[in-house]
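# Reading the structure
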Amino acid sequence: MQTPAEAQLELKSYQTENQRMEEDERNDKDSYTCRRMCSWPSHFRNLMLKWVSASSPTNTTHCFVVYENGHLTTRDALVDAETIKNMITGTSQANCAVLIVAAGVGEFEAGISKNGQTREYALLDYTLGVKQVIVGVNKMDSTEPPYSQKRQEESVKEVSTYIKKIGNNPDTVAFVPISGWNGDNMLEPSANMPWFEGWKVTRKDGSASGTTLLEAFDCILPPTRPTDKPLHLPLQDVYKIDGIGIVPVGEVETGFSRLGMVVTFAPVNVTTEAKSVEMHHEALSEALPGEI
């Protein structure tokens, strides 16, 4: 059960996102398409049991999504001169990268070019240790002709060649042709792409197959996170909030953080007691590895 404060935050986030999308739709379809693709409230809202969005200390957007098969924490970070450090911080804590490739005329070529962002994202993901990858070939409705099988095959071939070159195994990557604008292959198989027989990944930890982007999310392998080791929580930022006190923020890597637990911060060797533990504005009795 949500508290009134959590419900108000969720409603405010949803309203703000809808206002942004409506503004983008009026001004420019392409920017609106990108926001629709990266925003959970659009096509995924009907299956959500809970959704909370908030800006992180690194200025990336965190979305905590609960649906019938589990829950996900997504981080949306763009690569440019001003946010590259934020993207590195967010990506270094990710378990799986979702690489969105634009299939539109001229857009794919720009992204896969020598200095294109498709290459930049893929290389950063691998360099920062994110070995699980899902590739969404977006804007299939903008290909020539629309929903072109040839364009999908071309995109898969080019991206596969590059990610193999930097160290990924293309056989472990799900390539999903989608349209964030129309919702094709996002939640349900699209009637606009009857030629698409589905994606398949082959890996030592177990093979998987499916058709939609949501099914690809369900096949993400969670990492092994030891709870029997001492608490290791790299600090992402520290807030000083009136009426509450000092609030350290970070992700638990090993061990656990529990209410009332005595913790020590290095290298200053400061010891204190944990007065509260929260994740996505929700109070917890303890935080386990992987929780932020």
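Anything mentioned here points back to the structure above.
Residues numbered from 1 in each chain as written. Predicted model: local features only at pLDDT ≥ 70, side-chain atom pairs only at ≥ 80, totals over all residues. Heavy atoms only, no water.

## So, the overall build of the chain
Helix and strand counts for the chain come out as seven helices and 16 strands. Across the 292 residues of the chain, 41% fall into the buried class. Carbon and sulfur atoms provide 50% of the accessible area of the chain, an area that totals close to 16,600 Å². (Helix = DSSP H or I, 4+ residues; strand = E, 2+ residues; numbered from the N terminus. Buried < 20%, exposed > 50% of the residue type's maximum accessible area, 1.4 Å probe, protein only. Areas by Shrake-Rupley, 256 points an atom, 1.4 Å probe, with all protein chains shown as cover.)

## Some remarks on unusual backbone geometry
Note the cis peptide between glutamate 144 and proline 145, where omega equals -5°. For proline 145, the position within the fold is in the loop between strand E5 (132–138) and helix H6 (149–166). Proline 267 follows alanine 266 through a cis peptide bond whose omega is 0°. Looking at where proline 267 falls in the secondary structure, it is placed in the loop between strand E12 (262–265) and strand E13 (270–273). Phi angles above zero are rare outside glycine, and tyrosine 147 is one such case at about 60°.

## Examining helix H5 (residues 117–127)
By the burial criterion, the buried members of H5 are Thr118, Tyr121, Ala122, Leu124 and Asp125. Down the axis of H5, the sector holding all buried residues measures 165°, keeping them to one side. Taken from the residues just after H5, glycine 129 is the one with a positive phi, measuring 90°. (Arc of directions from axis to C-beta.)

## Considerations on the packing of H5 against H6
Running from N to C, H5 and H6 cross one another at 35°; their axes reach a closest spacing of 10 Å. Crossing handedness for the pair H5 and H6: right-handed. Residues Arg119, Ala122, Leu123 and Tyr126 of H5 form the contact with H6, whose participating residues are Tyr162, Ile163 and Ile166. Across the contact of H5 with H6, the residue classes tally to six nonpolar, no polar and one charged. (Axes fitted to C-alpha atoms, helices over the stretch in contact; angles between N-to-C directions. Left-handed = near helix turned anticlockwise from the far one by under 90°. Contact = heavy atoms within 4.5 Å. Nonpolar A, V, L, I, M, F, W, Y, C, P; charged D, E, K, R; others polar.)

## Looking at the sheet that holds strand E4 (residues 96–102)
The strand order across the open sheet built from three strands is E4-E5-E6, with neighbouring strands paired in parallel fashion. Each edge of the open sheet carries a strand with a single partner, namely E4 and strand E6 (174–177). For this sheet, the mean angle separating the axes of adjacent strands, direction not counted, is 20°. Taken strand by strand, H6 contacts E4, E5 and E6, and its axis lies near 150° from that of E6. (Pairing = 2+ DSSP bridges.)

## Things to note about the nonpolar core
Within the largest apolar cluster, 37 residues are counted, with the highest numbers of intra-cluster contacts made by Val135, Val159 and Trp199. Mapped onto this core, the elements with two or more residues apiece are E4, helix H4 (107–112), H5, E5, H6, E6, strand E7 (199–201) and helix H7 (213–218). Apart from the residues lying within four places of it in its own chain, the contact partners of valine 135 are Leu99, Val101, Val159, Val173, Ala174, Phe175 and Val176. (Core = buried A, V, L, I, M, F, W, Y, C linked by side-chain atoms within 4.5 Å.)

## Section: the packing of aromatic side chains
This structure, assessed with the given rule, holds one aromatic pair. The interplanar angle of 75° and the centroid separation of 6.3 Å between the aromatic rings of tryptophan 195 and phenylalanine 196 together place this pair among those described as edge-to-face. Its guanidinium or amino end placed over the ring of tyrosine 126, lysine 131 lies 4.5 Å from that ring's centre, counting from NZ or CZ. (Phe/Tyr/Trp six-rings, centres within 6.5 Å; stacked < 30°, edge-to-face > 60°. Lys NZ or Arg CZ within 6 Å of the ring centre and 35° of its normal.)

## Side note on the pattern of salt bridges
All chains considered together, the criterion is met by five salt bridges. Linking glutamate 286 and arginine 258 is a salt bridge whose minimum nitrogen-to-oxygen distance equals 2.7 Å. Here glutamate 286, found in strand E16 (residues 286–287), pairs with arginine 258, found in strand E11 (residues 257–258); they are 28 residues apart in sequence, far enough to count as distant. Arginine 258 gets classed as partly exposed once you look at its relative accessible area, which sits at 40%. Among the charged side chains, a salt-bridge network with shared partners connects Glu109, Arg151 and Glu154. (Salt bridge = Lys/Arg side-chain N within 4 Å of Asp/Glu carboxyl O.)

## Quick notes on H6
Taking 1.5 Å per residue as the helical rise, H6 with its 18 residues ought to reach 26 Å, and the 26 Å between its terminal C-alpha atoms agrees with that figure. For H6, the set of buried residues is Arg151, Gln152, Ser155, Val159, Ser160, Tyr162, Ile163 and Ile166. Contact partners of the buried residues in H6: E4, H4, H5, E5 and E6. Where H6 begins, the capping side chain belongs to serine 148, and its oxygen is found 3.3 Å from the backbone nitrogen of lysine 150. Looking one or two residues past H6, glycine 167 carries a phi angle of roughly 130°, positive in sign. (Expected span 1.5 Å × (residues − 1). Polar contact = N/O pair within 3.5 Å; in protein donor to acceptor, adjacent residues only side chain to side chain.)

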